[in-house]
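Structural overview for review
Chain residues, written in single-letter form:
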Amino acid sequence: MLLHPMVLAIRRRRAAQGEPRTQALALGPARSLPQPRSQSHPHAQTLGPFHQQLQARTQGPAHPQLQARTQGPARPQPQTQAQGLGPARTQPLAQALGPAHPQATAQALVLGPARPQPRARARARQQAQARVYQPHQTFEGLSDRVCIQRYRLTADAMYHLCDLLRGSLGASQNTNFALSVPDKVSTALAILASGSFQRFAAQTTGVGQSTASRVLGQFLEALIPHTPDYITFPTDPSTQGQTMRDFLEIANIPQVLGAVDGTYVNIKKPAQDSHTFVNRHRTYAMNMMVVSSARLEFTDVLARFPGSSHDSSVWSQSALLRRFRRGEFTPGWLLGDHSYPLQPWLLTPLAHPEGDAELQYNHAHKRTRSVVERAVSLLKMRWQCLHASGGTLQYSPEKVNRIFVACCVLHNIAIRRGIPLPEGLDVDEENETDLEEAAEDSSRELGTSGYTSLEELEETDEETEGIAPLRQVRQACRRRALRHRVEKQRGRTVRARLIQEMFG
């Protein structure tokens, strides 16, 4: 490798002056020089004075300073270097770290002096504090009077719920201080009974608001699948016969299987399509349809329609109506107010009664149908989350529907066990009753001219194949309107015959 000309000049000058190589370490390690050639080499005679002097230097004894630097003692450790800075900075850290850290002095130069805080105090600060859990309060050990006041059910009824929902509400084994099944049942019932949006539950059961909200969702998911066990419409002859006898004792109206009505449950303003939830009271609500027995039990519940839906519209889309049309409950009918259409299986009062017989029928109809209004009032007074005085349910419409169905199930459990209302609560007539607004003409008869029966209209279905979609929609509307017209005419016949038999 060729050296820089300036470096070669410096080396030649020093070699000519006989200056020792004291700067060998500064210029880096000495380069290996070529071995001297022997005298027998053909080119040995050509070595000049510079090469001869350089050969003498490489073969002779090493310079004393160079030997001291290359073969002397090892480089001093960082402790000897730190001595120039004094022991004030290095001694505290070395004492704190102990003899297990040989490089304590070197770290002291970087970290600086040790903190004056004791090591034990720093360790106590870093240690995690133990979590304090508030004790949970359940219905266990409480009297029936206190249980009814707080949870609207007796202790036996709540034990029954715990056994029913134990498979779905069982505590997880991977959580610390997990809620037991009685804890969850007590928390959910306290929320439904108070209507205070988890504040009362946090005070009575000792859980936080977020935990109470999560427990309520788990309780609803566990209870809803058991709805068919507690809300059933009478289907077998024995049950239907008992239901008809119970209604007959009220006002002597025969063959009544239930009373139907609608009620509103106030909710917060939904995020989507909020205008469809505004009811006739100008509030955001859900329209719930219920059917009650003479014993104030709910036999059918439909909870999924917004507040702007009319009662007749909800009834027309119910599964119970389709079952009546298939003839599953013949003979037998329901009683409804002016909001529902007159049908052979749904009797409504007369809008303009004439004569004593029709007046007596309206009076008996009102007395018999009042059971559903009392059942709804009892439901809302027992579970104040549904009552207007309880405020507005701060949940989505889907969750409000589940809450309503769960409250109906709990209501039936309380009715079957004969559990009274808490002291200080009385059944009121808060249930909304629709005004007599165009009740007699609930089904419109526009576009039905030219057809006299459903059979004649259905014969034209084959002709609608291949025509424009708009015409098919019009044909379907005419068919539906004609069906309502025919059912209304049959309902008038049934009602007239009933009035003649009862009061004629």
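Quick note: structure is the one above.
Residues numbered from 1 in each chain as written. Predicted model: local features only at pLDDT ≥ 70, side-chain atom pairs only at ≥ 80, totals over all residues. Heavy atoms only, no water.

Notes on the overall build of the protein
Across its full length, the protein carries 20 helices and five strands. Counting the 504 residues in the protein, one finds 40% classified as buried. A separation of at least 24 residues holds for 67% of the contacts in the protein among residues at least 6 apart in sequence. For the protein, the exposed surface amounts to about 29700 Å²; the carbon and sulfur share of it is 50%. (Helix = DSSP H or I, 4+ residues; strand = E, 2+ residues; numbered from the N terminus. Buried < 20%, exposed > 50% of the residue type's maximum accessible area, 1.4 Å probe, protein only. Contact = heavy atoms within 4.5 Å. Areas by Shrake-Rupley, 256 points an atom, 1.4 Å probe, with all protein chains shown as cover.)

Notes on the sheet that holds strand 3 (residues 298-306)
If you trace the five strands from one edge of the open sheet to the other, you get 3-2-1-4-5, paired in mixed fashion. Strands with a single pairing partner mark the edges of an open sheet, and in this sheet they are strand 3 and strand 5 (346-347). Where strand 1 (residues 256-266) and strand 2 (residues 285-292) come together, eight bridges link them in antiparallel fashion. Residue pairing for strand 2: tyrosine 264 is matched across the bridge by asparagine 287. Against the sheet, helix 14 (residues 237-251) contacts strand 1 and strand 2, and its axis sits at roughly 75° relative to strand 1. (Pairing = 2+ DSSP bridges. Axes fitted to C-alpha atoms, helices over the stretch in contact; angles between N-to-C directions.)

A look at the environment of serine 274
Positionally, serine 274 belongs in the loop between strand 1 and strand 2. Sequence separation of serine 274 and alanine 285 is eleven residues, and the distance between their C-alpha atoms is 9.9 Å. In this structure, serine 274 is in contact with Lys269 and Tyr284, ignoring residues within four places of it in sequence.

Here we look at the side chain of asparagine 412
Tracing the backbone through its elements, the reader meets asparagine 412 in helix 18 (residues 397-417). A distance of 2.8 Å separates the side chain of asparagine 412 from the backbone oxygen of tyrosine 230, its partner in a polar contact. Asparagine 412 has contacts with Tyr230, Ile231, Glu297 and Phe298, leaving out every residue within four places of it along the chain. (Polar contact = N/O pair within 3.5 Å; in protein donor to acceptor, adjacent residues only side chain to side chain.)

Focus on helix 14
Between its terminal C-alpha atoms helix 14 stretches 22 Å, which fits the 21 Å expected from 15 residues at 1.5 Å a residue. Those residues of helix 14 that sit buried are Gln240, Gly241, Thr243, Met244, Asp246, Phe247 and Ala251. In this fold, the buried residues of helix 14 make contact with strand 1, strand 2, helix 17 (355-382) and helix 20 (469-503). (Expected span 1.5 Å × (residues − 1).)

Quick look at the packing of helix 9 (residues 155-169) against helix 18
Two numbers describe how helix 9 lies on helix 18: the axes approach to 11 Å, and their chain directions differ by 135°. Our classification of the angle between helix 9 and helix 18 gives oblique. Crossing handedness for the pair helix 9 and helix 18: right-handed. Listed contacts from helix 18 to Asp156, Ala157, His160 and Leu161 of helix 9 are Leu410, Ile413 and Arg417. (Parallel < 35°, antiparallel > 145°, perpendicular 65-115°, else oblique. Left-handed = near helix turned anticlockwise from the far one by under 90°.)

Points about the packing of aromatic side chains
Summed over the entire model, instances satisfying the criterion amount to three aromatic pairs. With centroids separated by 4.8 Å and ring planes inclined at 65°, the aromatic side chains of phenylalanine 233 and phenylalanine 329 adopt a geometry described as edge-to-face. Of this pair, phenylalanine 233 sits in the loop between helix 13 (227-230) and helix 14 while phenylalanine 329 sits in the loop between helix 16 (319-325) and strand 4 (333-335), placing them 96 residues apart in sequence. There is no split in this pair, since phenylalanine 233 and phenylalanine 329 are both buried. Ring geometry for phenylalanine 324 against phenylalanine 329: centres 4.9 Å apart, planes inclined by 55°, an arrangement best described as tilted. Phenylalanine 329 shares its class with phenylalanine 324; the two are buried. Aromatic rings pair up to connect Phe233, Phe324 and Phe329 into one cluster. (Phe/Tyr/Trp six-rings, centres within 6.5 Å; stacked < 30°, edge-to-face > 60°.)

Examining the pairing of strand 3
Burial analysis of strand 3 places seven of its nine residues in the buried class, which makes it a mostly covered element. One ladder, built from seven bridges, connects strand 2 with strand 3; its direction is antiparallel. From the neighbouring strand, methionine 288 faces strand 3, where its bridge partner is alanine 303. The hairpin formed by strand 2 and strand 3 contains five residues between the paired strands, and leucine 296 there has a positive phi angle of roughly 70°.

Observations regarding the pairing of strand 2
Among the eight residues of strand 2, eight are classified as buried, and the element is accordingly described as predominantly covered. Residues of strand 2 alternate between two faces, with Ala285, Asn287, Met289 and Val291 on one and Met286, Met288, Val290 and Ser292 on the opposite face, all of them buried.

Comments concerning the nonpolar core
Core analysis: the biggest nonpolar cluster contains 81 residues, and Leu153, Leu189, Phe219 and Leu410 have the highest contact counts within it. No other element matches helix 18, which puts twelve residues into this core. With residues up to four places along the chain from it excluded, the contact list for leucine 410 reads Leu153, Leu161, Leu189, Leu192, Phe219, Leu223 and Trp383. Core analysis: the next-biggest nonpolar cluster, separate from the first, contains 18 residues, Val291, Leu321, Phe324 and Leu346 among them. (Core = buried A, V, L, I, M, F, W, Y, C linked by side-chain atoms within 4.5 Å.)

Some remarks on the pattern of salt bridges
Summed over all chains, the structure comprises nine salt bridges. In this structure, glutamate 373 and arginine 369 form a salt bridge, with 2.5 Å as the shortest nitrogen-oxygen distance. Highlighted residues: glutamate 373 and arginine 369, both in helix 17, separated by four residues, approximately one helical turn. The exposure class of glutamate 373 is buried, given its relative accessible area of 13%. By sharing partners, the salt bridges in this structure join Asp261, Arg369 and Glu373 into a single network. (Salt bridge = Lys/Arg side-chain N within 4 Å of Asp/Glu carboxyl O.)

Details of helix 10 (residues 181-194)
Compared with the 20 Å implied by 1.5 Å per residue over 14 residues, the 20 Å span of helix 10 between its first and last C-alpha is a close match. Positioned one or two residues after helix 10, glycine 195 has a phi angle of 70°, which is positive.

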